[in-house]
Amino acid sequence: SPDLIARMVAEPLGPALGTTIVIENRPGAGGNIGTGMVAKAEPDGYTLLFTIQGPLVTAPSLVKNLGYDPQRELAPVSLVATSPNVLVVDPKLGAATLADFVRVAKERRGQLNYGSVGNGSASHLAMELFKTRAGVDLVHVPYQGFPQIVNAILAGQVQAAFMVPGIAMGQVRAGRLRALGVTTLGRAASLPELPTLVEQGYRDFEAISWQAVLAPAQTPRPIVDRVAREIVRIVKSDEVRTKMLAQYFSAAGTAPEGLAGLMRSERERWAKVIRAAGVQPE
């Protein structure tokens, strides 16, 4: 999804800035490699970072010798898009609602497994937060990706997971998975039919995925402000909003200060979850 959403923004952003934007994917280490590259780039306005929240929020708590400091070496530009996570379970578990799932999990304490896309990932931390709030004991089983988690649920190896809706909802509508709720504070515009965990008794439960644009620190503020203004205009257009909704994302578009505030609050919140869950740096 980062490449997909980035291209939705980059296509109109280039002409707006009077230049050509080339998207260079730098995969690896959950986005930390590409993030580190931009953190060390020249702050001349010609290199921007489009990334998910992990390298900005949880990586400093999860990776020893990360190689960059997102607080000191990156300048927030704009929050671009947000997406809920969806709690899905195996239909064979017999849990039609979130309350049913909690009841079954307590009856079979320590016997149910949940999948994630890796230690410290959003899918891992969201479930650790839920375990604490619900008072249940589930065993963590990491996988390489969400398709592998789907296969594991179908094979009966794990019984639940927090998943991105782009992969989860196709399986839900085919009857292979059952969706119990979303992790936004209010109903997600892309999934209005699904209740939130807040509605189901878990006050203030939020575990969203988000994507943002940043620049190397010391990039001149007039450049940062201009790019931010154009991004806000683009993502709030009807065309881009519609395209994002089709991919289960909600358009955001913020000033640099909005993204900076989100990064601070998310960093503090998830650091507490990481410590409480005993997740060790790698």
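Scroll up for the structure.
These lines cover the structure that appears in this document, whether it is placed above or below. None of these values were measured; they are calculated from a predicted model.

Overview of the packing of aromatic side chains
In total, this model carries 5 aromatic pairs according to the counting rule given. Three or more aromatic residues link up through ring pairs in this structure, and these residues are Phe-101, Phe-130, Phe-162, Tyr-202 and Phe-205.

Let's talk about helix 12 (residues 256-277)
Side chains that are three or four residues apart share a direction in an α-helix, a result of its 3.6 residues per turn. Here helix 12 is 22 residues long and its end C-alpha atoms lie 31 Å apart, about the 32 Å a rise of 1.5 Å per residue gives. Where helix 12 is concerned, the buried positions are Pro-256, Leu-259, Ala-260, Leu-262, Met-263, Glu-266, Arg-267, Trp-270, Ala-271, Val-273 and Ile-274. For helix 12, the angular spread of buried residues about the axis comes to 165 degrees, placing them on one side. Structural note: helix 12 exposes Glu-268, Lys-272, Arg-275 and Ala-276 on the side pointing more than 90 degrees away from its buried face. Backbone geometry just downstream of helix 12 places Gly-278 in the positive-phi region, at approximately 70 degrees.

A short note on the sheet that holds strand 9 (residues 250-251)
Strand order across the open sheet formed by 4 strands is 1-8-2-9, with antiparallel pairing between neighbours. Looking at the sheet topology across the chains shown, the edges are occupied by strand 1 (49-52) and strand 9. With 8 bridges connecting them, strand 2 (residues 74-83) and strand 8 (residues 209-216) associate as antiparallel partners. Looking at strand 8, one finds that Pro-76 is bridged to Leu-214.

Some words on the environment of Gly-261
Checked against the element boundaries, Gly-261 lands in helix 12. For Gly-261, a relative accessible area of 24% gives the class partly exposed. Taking the C-alpha atoms as reference, Gly-261 lies 33 Å from Leu-138; in sequence the two are 123 residues apart.

A few points about the pattern of salt bridges
Counted by the stated rule, this structure contains 16 salt bridges. One salt bridge in this structure joins Glu-239 and Lys-243, with 3.4 Å as the shortest N-O distance. Of this pair, Glu-239 and Lys-243 both sit in helix 11 (residues 238-246), 4 residues apart, which is roughly one turn of that helix. Judged by its relative accessible area of 55%, Glu-239 falls in the exposed class. For Lys-243, a relative accessible area of 37% puts it in the partly exposed group. One network of salt bridges, with partners in common, ties together Asp-100, Arg-103 and Glu-107.

Regarding the side chain of Glu-128
Here Glu-128 is to be found in helix 7 (residues 122-134). Within polar-contact distance, the side chain of Glu-128 engages the side chain of Lys-131 at 3.3 Å. Setting aside its immediate chain neighbours within four residues, Glu-128 contacts Tyr-114, Val-273 and Ala-277.

Details of helix 8 (residues 146-154)
Within the span of helix 8, buried status applies to Phe-146, Ile-149, Val-150, Ala-152 and Ile-153. What you see down the axis of helix 8 is that its buried residues fit within an arc of 165 degrees, all on one side. Tucked inside the fold, the buried residues of helix 8 contact strand 3 (86-89), strand 4 (112-116), helix 7, strand 6 (160-163) and helix 9 (165-173).

Quick word on the sheet that holds strand 6
Reading across the sheet, the 5 strands line up as 5-4-6-3-7 and stay open at both edges, with mixed pairing between neighbours. This sheet does not close on itself; its edge strands, each paired only once, are strand 5 (138-142) and strand 7 (178-182). Each strand of the sheet is rotated relative to its neighbour by a mean of 25 degrees, with strand direction disregarded. With 4 bridges connecting them, strand 3 and strand 7 associate as antiparallel partners. Residue pairing for strand 7: Leu-87 is matched across the bridge by Gly-181. Contacting strand 3, strand 6 and strand 7, helix 9 crosses the sheet at an angle of about 40 degrees to strand 3.

The rules behind these values
Residues numbered from 1 in each chain as written. Predicted model: local features only at pLDDT ≥ 70, side-chain atom pairs only at ≥ 80, totals over all residues. Heavy atoms only, no water. Phe/Tyr/Trp six-rings, centres within 6.5 Å; stacked < 30°, edge-to-face > 60°. Helix = DSSP H or I, 4+ residues; strand = E, 2+ residues; numbered from the N terminus. Expected span 1.5 Å × (residues − 1). Buried < 20%, exposed > 50% of the residue type's maximum accessible area, 1.4 Å probe, protein only. Arc of directions from axis to C-beta. Pairing = 2+ DSSP bridges. Salt bridge = Lys/Arg side-chain N within 4 Å of Asp/Glu carboxyl O. Polar contact = N/O pair within 3.5 Å; in protein donor to acceptor, adjacent residues only side chain to side chain. Contact = heavy atoms within 4.5 Å. Axes fitted to C-alpha atoms, helices over the stretch in contact; angles between N-to-C directions.

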